[in-house]
Each structure stands twice: as C-alpha cells, then as structure tokens.
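Survey of secondary and tertiary structure
Each chain is listed here by its residues.
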Amino acid sequence: MEALQERIIGIQDWAVYFFTLAFLFLVMSKAYFPVKFYDYIRLFYTDKYWRIYKDSPSTSSGFHLLLFVTQTISFAFLLQLLLATMGWGNLYDLNLFIQIMVLLFFVILSKYFLEKIIAVTFHIEDFAEQFHFYKLSYRSYLGVILLPLVAILYFNEIIISSVLYLLIGLLLLINIALYLNSIRIFRSLIFPKFYYFILYLCALEMAPYYLVYRFLIKN
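Residues numbered from 1 in each chain as written. Predicted model: local features only at pLDDT ≥ 70, side-chain atom pairs only at ≥ 80, totals over all residues. Heavy atoms only, no water.

With that out of the way, let us pick up the overall build of the protein chain. For the protein chain, the helix and strand inventory stands at 9 helices and 0 strands. Moving toward the C terminus, one meets the helices and strands of the protein chain in the order α-α-α-α-α-α-α-α-α. Across the 219 residues that make up the protein chain, the buried fraction comes to 40%. Restricting the contact set of the protein chain to residue pairs at least 6 apart, pairs at least 24 apart contribute 75%. (Helix = DSSP H or I, 4+ residues; strand = E, 2+ residues; numbered from the N terminus. Buried < 20%, exposed > 50% of the residue type's maximum accessible area, 1.4 Å probe, protein only. Contact = heavy atoms within 4.5 Å.)

Under the definition given, this model contains 1 salt bridge. Put simply, Asp39 and Arg42 hold a salt bridge, and the shortest N to O gap is 3.1 Å. (Salt bridge = Lys/Arg side-chain N within 4 Å of Asp/Glu carboxyl O.)

We now examine helix H5 (residues 94–121). Over its 28 residues, H5 runs 41 Å from end to end, which matches the ideal 40 Å to within 8%, given 1.5 Å per residue. Residues Leu96, Phe97, Ile100, Met101, Leu103, Leu104, Val107, Lys111, Glu115 and Ala119 constitute the buried set of H5. Downstream of H5 by a residue or two, His123 has a phi angle that is positive, lying close to 60 degrees. (Expected span 1.5 Å × (residues − 1).)

Time to look at the packing of helix H6 (residues 125–155) against helix H7 (residues 161–185). Viewed as axis vectors pointing N to C, H6 and H7 meet at an angle of 165 degrees, and their least axial separation amounts to 11 Å. Viewed along their axes, H6 and H7 adopt a mutual orientation that is roughly antiparallel. When you trace H6 past H7, the crossing you get is right-handed. Where H6 approaches H7, its residues Phe131, Tyr134, Lys135, Tyr138, Arg139, Leu142, Leu146, Leu149 and Leu153 are matched on the opposing element by Val163, Leu164, Leu167, Leu171, Ile174, Asn175, Leu178, Tyr179, Asn181, Ser182 and Ile185. (Axes fitted to C-alpha atoms, helices over the stretch in contact; angles between N-to-C directions. Parallel < 35°, antiparallel > 145°, perpendicular 65-115°, else oblique. Left-handed = near helix turned anticlockwise from the far one by under 90°.)

This paragraph deals with the packing of aromatic side chains. Under the criterion given, the structure shown has 22 aromatic pairs. Taking the centre distance of 5.5 Å and the plane angle of 50 degrees together, the rings of Phe19 and Phe155 count as tilted. Note that Phe19 is positioned in helix H1 (residues 13–32) and Phe155 in helix H6, a separation of 136 residues in sequence. Judged by relative accessible area, Phe19 falls into the buried class, the value being 4%. With a centroid separation of 5.2 Å and 80 degrees between ring planes, the pair formed by Tyr154 and Phe155 is classed as edge-to-face. A relative accessible area of 34% means that Phe155 is categorised as partly exposed. Among the aromatic residues, those joined into a cluster by ring pairs are Trp14, Phe18, Phe19, Phe77, Tyr92, Phe97, Tyr154 and Phe155. (Phe/Tyr/Trp six-rings, centres within 6.5 Å; stacked < 30°, edge-to-face > 60°.)

Okay, here's the thing in structure tokens:
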C-alpha cells in the first residue's frame, strides 16, 4: 500500500482564495439585491441606476458594501501586478497583498470620513452624498469589470507589461472622463464654487493616490 503524500500548497493558492471571495461577494450582491444588480450592470451604457438611487444612497449601502470588497480585492491585485512588473515586489507575496489591502481600506475610509467632515462644515451634505454615491457607483463598477482581467493576468506565467500598462492607462482615462462627467452633472452646484472644487480634487482625490504611490515605492 502506497504511503499518502502530503499535498504541497502552491504559492498561488492564497490568491485563488481571494479571487473566489471576490466573486462570492459579487454573487451575493446579485442574490440579495436582484433589482439593484440588474440596474447596476447596465451602468456602462445608461445612468438609470444612479438617477434612481442618488436621492437615497443609504438604501444601497449593503449592496455597495459587497461590491466594495470586490472592488478593493480587484485593485489590490492590480497594484501587486504593477509592483511585480516594475520589480518592486513579489507577485506571490501574501504579506505584500495584505499590506496593499490594508492601505487601500485606510485611504478610502479616511477620504470618506474627511469628505463627511468637510460637507458638514460647509453645509453641503446633500451634494456630498450624491457626489460620493456617483463616484462609488462607477468605481465599484470598474472594479467588477477589472476582476476577471486581473485574474487572467495574475495566473498567466508571463506577465505582459505592455498589456498591464495599457490597462492602467485606460483606467486613468476612464476616471478623468468620470470627473468631467460629474462636472457636467453637478455644474449648477460646482460652477459657483469652482475654485473650491479644484482644491477638493487636488486635496482629496489626487493627493491620496500620490501618497499611496510614494508609500509603495519606499516600502
């Protein structure tokens, strides 16, 4: 009788668990919020979802919480792919992935609470809630679309750097387009205080990502 051999755990096993968890949260969002999910998946070509739920964003908090986890895992793997491609990290390093996840959670939550404080201070709570809901809707949508693409790149033994850079460049262009579209949507509220809106973009939108970039380089 042959002796049982101990299973050797692959260096990618932990990544499989995280990708499975991300897809599981996506499935849960569809199962528990079928109507919202149906409107949400059409966000790419229609803003019906945002127009319906923008006046009561708190009603979608549970739905977006599930998508937020999926989004964070997706972007964390994208950052780890980028660091590995640039030679600044190991693609299969679980500790690095955990650090990126924690950093993303910290930055996103810090930005959210800072925005709430500023909104209360300047009495623009309604605008801040709708603007935050707009960003959250589209960014989580990008995270969902990005998830299978990142999975393909991660489990491919040969990482094509040009494809990765093209994907990141495309994401940056989409984010710029979303900000321009937000100016169009909220123009009646933004234009009277356009200077403050530019300061907001620099302080709360661009600066945190630059700090993340600097932190990852130094570590």
